[in-house]
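Report on the structure
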Amino acid sequence: MMRLPWFGYHAPRTLAEAARILAAEGPNAMAIAGGTDLLPNMKRRQQVPATLVSLRQVDALRTLRNGSGLALGAGLTLAEVVAAAPVRTHYAALAQAAGQVATPQLRNMGTLGGNLCLDTRCNYYNQNYEWRKAIDFCLKKDGGTCWVATASKRCVAVSSTDCAPALIALDAKVKLVAAAGEREVAAADLYLNDGIDYLARKPGEILAEVRLPDATGWKSCYWKLRRRGAFDFPVLGVAAAVRTAPDGTVEDARIVLGAVASRPVVTKGGEVLVGRKLTDDVIAEAGTKVASRAKPLDNADLDIYWRKEVVASFVGYALRELRGDDMRATRLRIAKHPV
Ligand SMILES: Cc1cc2nc3c(=O)[nH]c(=O)nc-3n(C[C@H](O)[C@H](O)[C@H](O)COP(=O)(O)OP(=O)(O)OC[C@H]3O[C@@H](n4cnc5c(N)ncnc54)[C@H](O)[C@@H]3O)c2cc1C
Ligand code: SF4
């Protein structure tokens, strides 16, 4: 049985208090929300914070404000996000992404903020301590070599959050709160292409809120490839959002890939669509354009060449759904037989 290491624990009730404790404790402290990722990582000694600052009792993180746009507290569970009527009605990509994270039990514990700050993953890293010790560890934790790209000075572990690509496609912003003050950044700017330093969040900053713009005229969706349809981390995520004129001409569009790099990849696929209708030919052209940005590496499940090959198909599924095609049978087939 894997045991947790010893750690100090704080359970503040306000955001200001949580930020103050994180600032005072310094780099050895980490925030914990649902704990569905952090606690297993601690058991495997991938992350060993001396102090945990729980965000679960901070009511300010659990709000939902609906005005011109939508503000979601980072402490809302994924189940609450999926159940929220404004999310389901106006931000389908987020509802679909959050609804495909892990299992119902984990979605009842796991939060939106925790999902956005999720540690990057790799076959050589998401292993217990003894396994990692047997290969002399790796660059991301305790070692000096990247076993995926041995010449690389940079860890290339993969961004595996389902919600981040969806929120970037929806043009969301996030509010970060620290003892020294708060700031707002675009969700797209929250991520860095580095498997170790994968977040532009500064130490001590708490992700407090996700802010979605007014979605009038927009349609969005999220498609996920994983080995087991019931639950699994993504080996590919495709988030797409389009705004169309009444005659079906695309006025604006964004297509974002997940699980193909250390951060979500914003592609130029949307540019292919603007000023055109979502015909089969245009969709195929966008799929080819998006697929050229996917560079999966051999550090996650499934064959990398196949993972690259299916990108265009998944972009096609997403865009056909946004065109209004009935894609329920395809979704069901992929859920039952993903591979
Ligand atoms: C079996 C299994 C399957 C899973 N499958 C998926 C999947 O398919 N897709 C997926 O995306 N995830 C998956 N996960 C990962 C995880 O369950 C979810 O990402 C979940 O949303 C994480 O949220 P949490 O609140 O539990 O985060 P925690 O574990 O509490 O924290 C995760 C990280 O975020 C930081 N953090 C948390 N909240 C904040 C905040 N408000 N501000 C700043 N930092 C914060 C923590 O310090 C930590 O680094 C899976 C996990 C398991 C165990
Ligand atoms: S990509 Fe390389 S350094 Fe990063 S976790 Fe994997 S093996 Fe380790």
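You'll find the structure just up there.
These lines cover the structure that appears in this document, whether it is placed above or below.

Scoring rules and cut-offs
- Residues numbered from 1 in each chain as written.
- Chains lettered and ligands numbered in written order.
- Predicted model: local features only at pLDDT ≥ 70, side-chain atom pairs only at ≥ 80, totals over all residues.
- Heavy atoms only, no water.
- Near = heavy atom within 4 Å.
- Nonpolar A, V, L, I, M, F, W, Y, C, P; charged D, E, K, R; others polar.
- Phe/Tyr/Trp six-rings, centres within 6.5 Å; stacked < 30°, edge-to-face > 60°.
- Buried < 20%, exposed > 50% of the residue type's maximum accessible area, 1.4 Å probe, protein only.
- Lys NZ or Arg CZ within 6 Å of the ring centre and 35° of its normal.
- Polar contact = N/O pair within 3.5 Å; in protein donor to acceptor, adjacent residues only side chain to side chain.
- Axes fitted to C-alpha atoms, helices over the stretch in contact; angles between N-to-C directions.
- Helix = DSSP H or I, 4+ residues; strand = E, 2+ residues; numbered from the N terminus.
- Parallel < 35°, antiparallel > 145°, perpendicular 65-115°, else oblique.
- Left-handed = near helix turned anticlockwise from the far one by under 90°.
- Contact = heavy atoms within 4.5 Å.
- Pairing = 2+ DSSP bridges.
- Core = buried A, V, L, I, M, F, W, Y, C linked by side-chain atoms within 4.5 Å.

1. Some words on the site of ligand 2
Every residue close to ligand 2 is listed here: Cys122, Tyr124, Tyr125, Cys138, Leu139, Lys140, Cys146, Trp147, Val148, Cys155, Val156 and Ala157. Class assignment of the residues belonging to the shell around ligand 2 gives a composition of 11 nonpolar, no polar and one charged.

2. Some points on the packing of aromatic side chains
A full pass over the atoms with the stated rule returns four aromatic pairs. Centroid distance Tyr129 to Phe137: 5.3 Å. Interplanar angle 55°. Geometry classified as tilted. The exposure class of Tyr129 is partly exposed, given its relative accessible area of 31%. Put simply, the rings of Trp223, Phe314 and Tyr317 touch in pairs and so form one group of aromatic residues. Taking the ring centre of Phe233 as reference, the NZ or CZ of Arg121 above it sits at 3.6 Å.

3. Observations concerning the site of ligand 1
Around ligand 1, 33 residues are found, and the nearest of them are Ala31, Gly35, Thr36, Thr111 and Asp162. Within the backbone of Leu207, one N or O atom sits 2.8 Å away from a nitrogen atom of ligand 1. When grouped by side-chain class, the residues that make up the shell around ligand 1 number 17 nonpolar, 10 polar and six charged.

4. Things to note about the packing of helix H11 (residues 280-291) against helix H13 (residues 311-323)
Relative placement of two packed helices is described by the angle separating their axes and the distance separating the axes. For the pair H11 and H13, interaxial distance at closest approach is 8 Å and the crossing angle is 140°. The orientation of H11 relative to H13 falls into the category oblique. With respect to the hand of their crossing, H11 and H13 are arranged in right-handed fashion. For the pair formed by H11 and H13, the contact residues are Asp280, Ile283, Ala286, Gly287, Thr288, Val290 and Ala291 on the first element and Val311, Ala312, Val315, Gly316, Leu319, Arg320 and Arg323 on the second. Of the residues assigned to the contact of H11 with H13, the class counts are eight nonpolar, three polar and three charged.

5. Digging into the sheet that holds strand E4 (residues 64-67)
Here we have five strands laid out as an open sheet, ordered E4-E5-E8-E6-E7, and antiparallel in their pairing. What marks the edges here is a single partner per strand, and that holds for E4 and strand E7 (181-186). Here the strands of the sheet are splayed against their neighbours by 20° on average, with no regard to which way each runs. Across four bridges, the pairing between E4 and strand E5 (residues 69-73) is antiparallel. When the bridges of E5 are listed, Gly67 appears paired with Gly69. Relative to the sheet, helix H1 (residues 15-25) contacts strand E6 (173-178) and strand E8 (206-212), its axis offset from that of E8 by approximately 135°.

6. Structural notes on the pairing of strand E11 (residues 250-258)
Here strand E10 (residues 236-244) runs beside E11; their pairing, made up of eight bridges, is antiparallel. Residue pairing across strands places Val242 opposite Ala253, the latter belonging to E11. By the bridge criterion, two bridges tie E11 to strand E12 (residues 265-266) in an arrangement that is antiparallel. Bridging from a neighbouring strand, Leu257 pairs with Val265 of E12. The antiparallel hairpin formed by E11 and E12 contains six residues in its connecting segment, where Ala259 sits at a positive phi of about 70°.

7. What to know about the nonpolar core
Counting 45 residues, the largest nonpolar core has Leu72, Leu94, Leu116, Leu207, Val210 and Leu212 as its most contacted members. No other element matches the six residues that helix H9 (residues 163-169) contributes to this core. Residues Cys221, Trp223, Leu319 and Ile334 belong to the second largest nonpolar core, which totals 38 residues.

These results come straight from atomic positions and should not be treated as a statement about function.
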